[in-house]
Amino acid sequence: MLDRIIKDYNDAVFETDKDAAFEVVNNALANGLTAEDVVFKVVIPAVEEMMSDITRDPDANLAQHFMTAQIAAEVTEKMLLKFAHPPEIIGRVVIGTAAGDLHSLGKRIVMGCLKALMVEVLDLGVNVPAEKFVAEALNYGADVIAISAMMVHTATGENGARKVRALLKEQGLEDKIKIVVGGAPYRFDNELYKTVGADGWAADGIAAGKMIVDLIRAGKAS
Amino acid sequence: MTPLDILVAAINGTPAPRIPIFCNLLDQGARELGMSQREYYRKGEHVAAGQLKMNRRFGHDNVWGLFYVGKEAEFFGCDNILYAEDGSPNVGDYVIKSWDDIAKLQVPADITAHPAWAETATCLKILREEVGATHPICAYLTASTSLPALLMGMDKWMELLMTGPADLRDHLLDLCSQFFQQEVAAYRAAGANVLVYSTPFGTHYFVGKKRFESFSMPWMKRDLAPGGVGGIVYYCGMAPFNEVIPAVMDELDIAIHYISPLADLAVAKSTIQNRLSQHGGKGLTCGVIDDIKLIHWTPEETRAEVKRMCEIGKPGGHFLFGTGVMPMAIPEANIKVMLDAAFEYGALP
Ligand code: B12
């Protein structure tokens, strides 16, 4: 039965059909699958598989990427409410777009992937000042500050990631909180993230999810 | 030959001393005139003067009627533009905050009577008088399928597009298409002759093949039908689009393509070249340098890239060298090196 569910769910997601995906999930629950199984055996593997399919498929596209992340995040959020025991959360992330930047799509996709990977995410919105990134990260107990920037000046300028780095340094928080970045300028120039003081970057949502989970795990291990 | 003659020769495939060389210096004009961005973009005179000064200094072929892309949102009531000193102004607030706002949205009956047009018109008038006879004047026009991103943000637009009610989506697109049709007519009437059709949703990269055919293509046809494709340049906001070139040439009849630096230029060039005969032998492959890398490239790296592009593009003619929206962070020396190299490697026998 599980194989069938997985296949139907994957097909629905690949076709970017949210209603169909939810129907598969609801049927699975009605047939006795637990919410935990839905998340760990269907949704999470699907995100990973989808993304690798999407990477391999020459006709892969942003709309699919968006919907995969969106559906996974929504299903996971609904299922979490039904969990018998609170799930083990990998870590916490605050995410927003850099000061001066209102490009919201990349952030949204990354958020969806993180939620589906059992990372708690607080969305700080768009045009977020560096001070706010740091203050909210402290409040929220975040392991990672994630900054999305679509334009060169918001990616590399004085008020974006660089300032967040300076503030973390000033406040002695560099061991506790990592900085990750993403967005168009980093995709055009893969070395750019280093120059803005980030600990990591990723080219797409699923790579971002993996990179952030690894970073959190490495931080907790040390 | 004037830069305008050189552009026409490149499109027609007739002899010329060199390829056309476009360089899109927008925000740099403020620095050129020693002004803040806000002050610079307040007046059409400034935007014209800044560009004319830079053209004299750098010698590239084109000038722009574009101030910044967010200006298009001003016609729909956006009055919050976020200025930066080190980059392009951005829409600072979305006019569509919830789906309900779409019903209230209006396209001005005559966009040329709207206050947002006045300074653009002044800028175009000056450019036309000063260099209209010799230099191509570019306009930037966002396609109906991409304009909603400026009005509501990209994530909300993607959400409406993928999961929202079709009638609401189509109503919004209809308004955006009406706006486009007026805008392209206004720019043409004001003397712009290179009309950059910005259509990121017109790529497989954004929506996939199926949705490109069923969604993007019909709306693009609708945008372009009343005014035709004279002077239209296909451009996807620097997203790659090689795979749609055949459809765009066959179905939209557009034979001028502004290729992404992330795409294979040789493939683009041969795809376009193979279809020129269907377009009366007219068409153009615009090779576009990755101007984000120009920020830190050494002179040698810059020259090598310009050389590589020209070597791919020049054989068979119908080639232009161009840039994206050059970021402010590019050192002036690199702009010089790039343009010098383009004139050198872009020379024709
Ligand atoms: C679509 C698009 C537009 C559209 C829509 C804009 C909008 N409001 O969203 C339109 C046509 C309107 C437009 C306008 C402009 N644009 Co534009 N646009 C693009 C384009 C083609 C795609 C951007 C996009 O939405 N991508 C989709 C998202 C999902 O991808 P993404 O954000 O990169 O996110 C993925 C990854 O990067 C990563 N990621 C993202 N965030 C994060 C965060 C973290 C922490 C991690 C780990 C990973 C991660 O995961 C995401 C999901 O897979 C890019 C070029 C390109 N190829 O990327 C230019 C681009 C971003 N635009 C650019 C510019 C300059 C502009 C303008 C400023 C032009 C102007 N002079 O006015 C205007 C600004 C408009 C405004 N807001 O006021 C430049 C910016 C570079 C620069 N020069 O500074 C680009 C790079 C094009 C270029 N090379 O010239 N644009």
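### Brief notes about the overall build of chain B
Working step 1: A count of helical and extended segments in chain B gives 15 helices and 9 strands.
Working step 2: Against the globule reference of 20 Å for 349 residues, chain B gives a C-alpha radius of gyration of 19 Å, in line with a compact fold.
Working step 3: If one aligns the C-alpha atoms of chain B with their principal axes, the spans along those axes are about 60 × 45 × 35 Å.
Working step 4: A total of 349 residues make up chain B; the buried ones form 59% of that total.
Working step 5: Restricting to contacts in chain B with at least 6 residues of sequence separation, those with at least 24 account for 73%.
Working step 6: Approximately 12800 Å² of chain B is accessible, and the part contributed by carbon and sulfur atoms is 54%.
Working step 7: Both charge centroids of chain B, one from 30 positive and one from 40 negative side chains, sit 3 Å from each other.

### Observations regarding the packing of aromatic side chains
Residue and element names in this part refer to chain B.
Working step 1: Within this structure, the stated rule accounts for 16 aromatic pairs over all chains.
Working step 2: Each ring, one from Tyr205 and one from Phe206, has its centre 5.5 Å from the other, and the planes form 75°; the classification is edge-to-face.
Working step 3: Given the relative accessible area of 28%, Tyr205 is considered partly exposed.
Working step 4: According to the relative accessible area criterion, Phe206 is buried, its value standing at 9%.
Working step 5: Ring plane angle 70° and centroid distance 5.2 Å describe the contact between Tyr234 and Phe241, whose orientation is recorded as edge-to-face.

### What about the site of the ligand?
Working step 1: Near the ligand lie 44 residues; those nearest to it are Ser148(A), Met150(A), Val152(A), Val69(B) and Val91(B).
Working step 2: Around the ligand the close residues trace back to chains A and B.
Working step 3: Here Arg187(A) contributes a side-chain N or O atom positioned 3.2 Å from an oxygen atom of the ligand.
Working step 4: Within the side chain of Asn90(B), an N or O atom sits 3.0 Å from a nitrogen atom of the ligand.
Working step 5: The element contributing the most residues to the shell around the ligand is helix α5 (residues 105-116) of chain A, with 4 residues.
Working step 6: Looking at the shell around the ligand, its residues break down into 31 nonpolar, 11 polar and 2 charged.

### Comments concerning helix α9 (residues 154-163) of chain B
Working step 1: Counted residue by residue, α9(B) has 7 buried out of 10 residues, so it is predominantly covered.
Working step 2: If you check which residues of α9(B) are buried, you get Met154(B), Asp155(B), Trp157(B), Met158(B), Leu160(B), Leu161(B) and Met162(B).
Working step 3: Contact partners of the buried residues in α9(B): α4 (62-80) and α5 of chain A together with α6 (100-104), α8 (147-152), α10 (166-189) and α11 (204-224) of chain B.

### Comments concerning the nonpolar core
Working step 1: With 183 residues, the main nonpolar core has Tyr9(A), Trp157(B), Leu172(B) and Tyr234(B) as its most contacted residues.
Working step 2: Split by domain, the residues of this core number at least three in each of domain 1 (2-80) and domain 2 (91-221) of chain A.
Working step 3: The contact partners of Leu172(B), leaving out residues within four places of it in the chain, are Ile96(B), Ile102(B), Leu105(B), Pro148(B), Leu151(B), Met152(B), Trp157(B) and Leu160(B).
Working step 4: Counting 28 residues, the second-largest nonpolar core is a separate cluster that includes Val128(A), Tyr140(A), Val196(A) and Trp201(A).

### Focus on the domain arrangement of chain A
All names here are of chain A.
Working step 1: Each assigned domain of chain A is listed with its residue range as follows: domain 1 (2-80) and domain 2 (91-221).
Working step 2: Each of domain 1 and domain 2 has a C-alpha centre, and these two points are 26 Å apart.
Working step 3: Taken together, the contact between domain 1 and domain 2 spans 16 residues of the former and 13 residues of the latter.
Working step 4: With both sides pooled, the region where domain 1 packs onto domain 2 buries about 1300 Å², and carbon together with sulfur makes up 78% of that total.

### A closer look at the sheet that holds strand β6 (residues 232-235) of chain B
In any sheet, the strands associate via hydrogen bonds between backbone groups, in a parallel or an antiparallel arrangement.
All names here are of chain B.
Working step 1: Spatially, β1-β4-β5-β6-β7-β8-β9 is the arrangement adopted by the 7 strands of the open sheet, whose pairing is parallel. Both edges of this open sheet fall to β1 (63-64) and β9 (319-322), since each of them pairs with a single strand only.
Working step 2: Seen against the sheet, α10 touches β4 (137-142), β5 (194-198) and β6 and runs at an angle of roughly 175° to β4.

### Looking at unusual backbone geometry
Residues and elements named next belong to chain A.
Working step 1: Its identity is not glycine, yet Thr16 carries a phi of approximately 55°, on the positive side.
Working step 2: Examined against the element boundaries, Thr16 turns out to sit in the loop between α1 (2-14) and α2 (18-30).
Working step 3: Phi is positive for Met118, which is not a glycine, with a value near 70°.
Working step 4: Residue placement: Met118 occurs in the loop between α5 and β2 (119-123).
Working step 5: Classification of Met118 by relative accessible area gives buried; the value is 3%.

Rules of the game
Residues numbered from 1 in each chain as written. Chains lettered and ligands numbered in written order. Predicted model: local features only at pLDDT ≥ 70, side-chain atom pairs only at ≥ 80, totals over all residues. Heavy atoms only, no water. Helix = DSSP H or I, 4+ residues; strand = E, 2+ residues; numbered from the N terminus. Rg over C-alpha atoms; globule rule 2.2 N^0.38 Å. Buried < 20%, exposed > 50% of the residue type's maximum accessible area, 1.4 Å probe, protein only. Contact = heavy atoms within 4.5 Å. Areas by Shrake-Rupley, 256 points an atom, 1.4 Å probe, with all protein chains shown as cover. Lys, Arg positive; Asp, Glu negative; His and termini not counted. Charge placed at Lys NZ, Arg CZ, Asp CG, Glu CD. Phe/Tyr/Trp six-rings, centres within 6.5 Å; stacked < 30°, edge-to-face > 60°. Near = heavy atom within 4 Å. Polar contact = N/O pair within 3.5 Å; in protein donor to acceptor, adjacent residues only side chain to side chain. Nonpolar A, V, L, I, M, F, W, Y, C, P; charged D, E, K, R; others polar. Core = buried A, V, L, I, M, F, W, Y, C linked by side-chain atoms within 4.5 Å. Domains from an automatic or database assignment. Buried area = accessible area lost by both parts, 1.4 Å probe. Pairing = 2+ DSSP bridges. Axes fitted to C-alpha atoms, helices over the stretch in contact; angles between N-to-C directions.

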